[in-house]
Amino acid sequence: MSQQGGSPTGHEDDWWGQLYDDSTEDTGPVPAPDTVDDRFASAAGAVGADAGAKAPDEGFAQPRAPWDPPSAPPGGRISTETPVTTVPESRMPPEAAGSGDGTAADPARDGAPTVEHRARHAADVASSQVAEDTLPHTARHRAAVEDPVPRQAATPPAPAADAAPARTATHLDLPALPPPSADYVGSGPPTYDAEPTSLPPADPDDLDDLVADTVLDGARYGACTLRAVSVRGDSARYRGEPRRDSLLTARFGTGEHALVLVAMATGARATPGAHRAAAEACHWIGRAVGRTHARLAEDIKAARRGDLKSGLHRLTDRSLGKLRASAAEQGIEPEEYAATLRCLLLPADPECRTRVFFGVGAGGLFRLRDGDWQDIEPRVTDTTGEPVVGFGSLPAETPEGDRLTMDLGIPTPPSPYEPAPEPPREPFRFRASVAHPGDTLLMCTGGLAEPLRGEPDLCRYLTTRWSGPTPPGLAAFLADSQVRVKGYADDRTAAAVWEA
């Protein structure tokens, strides 16, 4: 072009016309063939005619990544005689171009692939694509771009000649695991939901009166493993009522002289303070046993069955008598502030396998031995025998001076209430038995004892769950103890002891 106002020259007009003439083709993709064969020929010309040739007894060369070194020839050494076409520096990528002082970049030092590597890789990919005759061109091109290095299945190494043969697993090698837990057993699902749906009402000035939905505990002493749980029933969960069952687990003493107490109580049905009466009954019996635990542990080891029965009967009467006295203080009927009470004494001495049960009221005492459940709840006729102090009509001593009951050293204070609270009307239950290795002893309230006696499927289910070589953990025991049965929706409180 000329300056403004000047006349253009012929040379400039020719240049302008050649650049913007309509007959001149625009820049863009070169109208050259771009097939797989053309790419292979181009790559073969760049690295030599034998870059992707087929060996006499081998398949096409295996594609490799750009950063892999060239494959070795049959002789085992890398050939350096393959001619490489020189590429102008202006057309080389930045990582392959020389430095500013004219020195070529070192690919081994910089970690970048060389032109030779790029060309060999292109030739190898092209040779692999040519072998895939059955695929259309588009599919072959897409496979080469997405996965330039085909994956091959790894071949496991052959075992040595002197190696031991592989051991095939059998049913004897598999661990004996209990079956998975179930939500319910029996003819159908229960009426209520499986999980809590409502909380009991709370008093902001008496938050200590709240009762948790579930209580879980456990321990291991001597030769036994203990699991204990108390769960609110489906009916109470649905109606938003507190759990009427109470659970107490306590250890008195240390070492082999320690004594473990498990106490559970159930408050009267349809009474507002049922949960408080159950908790108070557990606390009273806990205090009484704790104050005399040393003497009780000695009597258990010495198998003094008569002394244990009379002494524990006396402690139970006093503890439940406190509930009747508390009802008198509140101005309510004794039946409205009453509770059943069931207790289990476990000595920590591993040499002593005597387990002592005692209590008053409904519930259950079962034993799982050799895969069979045994109902070992003491019968009422077995408990109405010889009288004890404070419960019968005979004096504490015979005319000869022999005491009829064990004296635990607990003084009998005069009753501040007139008339004095009467003893519980329910008969006292007592049982002392020697456990065998592998036994499982189960003490529970009526919420679990009734379905165990009324639904055989629950017995079979707990048999499969609790007959394993090791006791269940706390979470597993909780899941097992609350397996539901249609028609039984009361609170459940249970304590199980596994003998090593």
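Residues numbered from 1 in each chain as written. Predicted model: local features only at pLDDT ≥ 70, side-chain atom pairs only at ≥ 80, totals over all residues. Heavy atoms only, no water.

As recorded in an unreviewed UniProt entry, the protein chain goes by the name Protein phosphatase 2C domain-containing protein, listed as coming from Streptomyces guryensis.

A count of helical and extended segments in the protein chain gives 13 helices and 13 strands. Expressed as a percentage of contacts within the protein chain between residues at least 6 apart in sequence, the contacts between residues at least 24 apart total 72%. For the protein chain, the exposed area adds up to about 29700 Å²; of that, 54% sits on carbon and sulfur atoms. (Helix = DSSP H or I, 4+ residues; strand = E, 2+ residues; numbered from the N terminus. Contact = heavy atoms within 4.5 Å. Areas by Shrake-Rupley, 256 points an atom, 1.4 Å probe, with all protein chains shown as cover.)

Evaluated as defined, the whole model comprises 16 salt bridges. With a closest N to O distance of 2.5 Å, Arg342 and Glu377 form a salt bridge. Of this pair, Arg342 sits in strand β6 (residues 339-347) while Glu377 sits in the loop between β9 (372-375) and α10 (380-383), and the two are 35 residues apart along the sequence. Note on accessibility: Arg342 and Glu377 belong to one class, buried. (Salt bridge = Lys/Arg side-chain N within 4 Å of Asp/Glu carboxyl O. Buried < 20%, exposed > 50% of the residue type's maximum accessible area, 1.4 Å probe, protein only.)

Formed by 33 residues in total, the largest nonpolar core has its most connected members in Ile285, Val289, Leu312, Leu345 and Phe358. Among residues more than four places away in sequence, those in contact with Phe358 are Ile285, Leu312, Thr316, Leu341, Arg342, Cys343, Leu345, Phe428, Arg429 and Phe430. Judged by nonpolar contacts, the second largest core, of 22 residues, contains Val231, Trp373, Trp466 and Ala494. (Core = buried A, V, L, I, M, F, W, Y, C linked by side-chain atoms within 4.5 Å.)

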